[in-house]
Amino acid sequence: GLRERARLLYDRGRREGRMLRRTLGGARDEAPPSISPSPAPGPAAVLHGDLNMLRCFAGADVRTVVLASDPDAPAFFSRYCGQRRLVADVHARPEATLADLLELGRLFDDRPVLYYGDDAMLLLVSRHREALAARYRFRMPPAELVEALVDKLRFATIAAERGLPVP
């Protein structure tokens, strides 16, 4: 069907892109370079998000470290990406993602700001905020509110109680 054809085209494009990268720029097929053991001084931002989030740092004097579980993540190849770091897939292996974040946090002299770009990472950071706060800076509402806002039924109740116009 159409879905299978789209998947096959996607897989073919990935293979050809990897082959082109190997041909033009050396073997970057396995994994993009990760951050060095001693990052340069100055403010840092660790982002688990997409290109739109990364573009917010264009022109800022902030070192960016982009996190992704896919070595072909588009944000890894942006000119605004300072350094890259592969982490476990937060949807499939949240405990491994937490371990990756804690390991990365040890590499900084000063706590970088952690930006989370999806619900899975938001929940991970919220549920492990004490451990992560030792290594990162981030802003977050109370855990009970985070859990309620991510759950659609509980969010609908909160919205109705506060008179928020939501579908």
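Heads up: the structure comes first, above all this text.
These numbers were taken from a predicted model, which means no experiment stands behind them. (Residues numbered from 1 in each chain as written. Predicted model: local features only at pLDDT ≥ 70, side-chain atom pairs only at ≥ 80, totals over all residues. Heavy atoms only, no water.)

## Topic: the overall build of the protein chain
So, step 1. What the protein chain contains, in helices and strands, is seven helices and four strands.
So, step 2. For the protein chain, the succession of helices and strands along the chain, N to C, is α-β-α-β-β-α-β-α-α-α-α.
So, step 3. Buried residues in the protein chain amount to 33% of all 167 residues.
So, step 4. When contacts within the protein chain are restricted to residue pairs at least 6 apart in sequence, those whose partners lie at least 24 apart make up 47%. (Helix = DSSP H or I, 4+ residues; strand = E, 2+ residues; numbered from the N terminus. Buried < 20%, exposed > 50% of the residue type's maximum accessible area, 1.4 Å probe, protein only. Contact = heavy atoms within 4.5 Å.)

## Comments concerning the packing of aromatic side chains
So, step 1. A complete count under the given rule lists one aromatic pair for this structure.
So, step 2. Considering the side-chain rings of Phe-57 and Tyr-115, the 5.4 Å spacing of their centres and the 80 degrees angle between planes classify their relative orientation as edge-to-face. Placement of Phe-57 in the loop between helix H2 (51-55) and strand E2 (63-68) and of Tyr-115 in strand E4 (residues 113-116) is noted, with a sequence separation of 58 residues between them.
So, step 3. On the basis of relative accessible area, Phe-57 is assigned to the buried category, the value being 13%.
So, step 4. Taking the relative accessible area as the measure of exposure, Tyr-115 reaches 32% and is therefore partly exposed. (Phe/Tyr/Trp six-rings, centres within 6.5 Å; stacked < 30°, edge-to-face > 60°.)

## Digging into the environment of Gly-49
So, step 1. Relative to the elements of secondary structure, Gly-49 occurs in the loop between strand E1 (44-48) and H2.
So, step 2. Separated by 18 residues in sequence, Gly-49 and Leu-67 place their C-alpha atoms 7.5 Å apart.
So, step 3. Those residues in contact with Gly-49 that sit more than four places away from it in its chain are Ala-75 and Gly-117.

## Section: the pattern of salt bridges
So, step 1. Evaluation of the coordinates by the stated rule reveals four salt bridges.
So, step 2. In this structure, Glu-147 and Arg-127 form a salt bridge, with 2.8 Å as the shortest nitrogen-oxygen distance. In this pair, Glu-147 sits in helix H6 (residues 143-150) while Arg-127 sits in helix H4 (residues 119-127), placing the two residues 20 residues apart along the sequence.
So, step 3. Judged by its relative accessible area of 23%, Glu-147 falls in the partly exposed class. (Salt bridge = Lys/Arg side-chain N within 4 Å of Asp/Glu carboxyl O.)

## Focus: the nonpolar core
So, step 1. Among the nonpolar cores identified, the biggest contains 23 residues, and Val-46, Leu-101, Leu-132 and Tyr-136 are the most heavily contacted of them.
So, step 2. Secondary-structure elements contributing two or more residues to this core are E1, E2, helix H3 (94-105) and H4.
So, step 3. Among the elements that line this core, the one with the most residues is H4, at six residues.
So, step 4. In this structure, Leu-54, Ala-73, Phe-76 and Cys-81 belong to the second largest nonpolar core, which totals seven residues. (Core = buried A, V, L, I, M, F, W, Y, C linked by side-chain atoms within 4.5 Å.)

## Notes on the packing of H4 against H6
So, step 1. Across the interface, H4 lies against H6 with an axial gap of 10 Å and an inter-helix angle of 160 degrees. In this view, H4 runs roughly antiparallel relative to H6, as classed from their interaxial angle. Helix-helix and strand crossings are classified by hand; for H4 and H6 the assignment is left-handed. Between H4 and H6, the residues in contact are Asp-119, Leu-122, Leu-123, Ser-126 and Arg-127 and Ala-143, Val-146, Glu-147 and Val-150, respectively.
So, step 2. When the residues that make up the contact of H4 with H6 are grouped by side-chain class, the tally is five nonpolar, one polar and three charged. (Axes fitted to C-alpha atoms, helices over the stretch in contact; angles between N-to-C directions. Parallel < 35°, antiparallel > 145°, perpendicular 65-115°, else oblique. Left-handed = near helix turned anticlockwise from the far one by under 90°. Nonpolar A, V, L, I, M, F, W, Y, C, P; charged D, E, K, R; others polar.)

## Points about the environment of Pro-71
So, step 1. Secondary-structure assignment places Pro-71 in the loop between E2 and strand E3 (83-86).
So, step 2. With relative accessibility at 18%, the residue Pro-71 sits in the buried group.
So, step 3. In sequence terms Pro-71 and Arg-84 are 13 residues apart; their C-alpha atoms lie 9.2 Å from each other.

## So, H3
Three- or four-residue spacings in an α-helix give side chains the same orientation, since the helix completes a turn every 3.6 residues.
So, step 1. Between its first and last C-alpha atoms H3 spans 16 Å; for twelve residues at 1.5 Å apiece the expected length is 16 Å, and the two agree.
So, step 2. Along H3, the residues that are buried comprise Ala-96, Thr-97, Leu-98, Leu-101, Leu-102, Leu-104 and Gly-105.
So, step 3. Against E1, E2, E3, E4, H4 and helix H5 (129-133) lie the buried residues of H3. (Expected span 1.5 Å × (residues − 1).)

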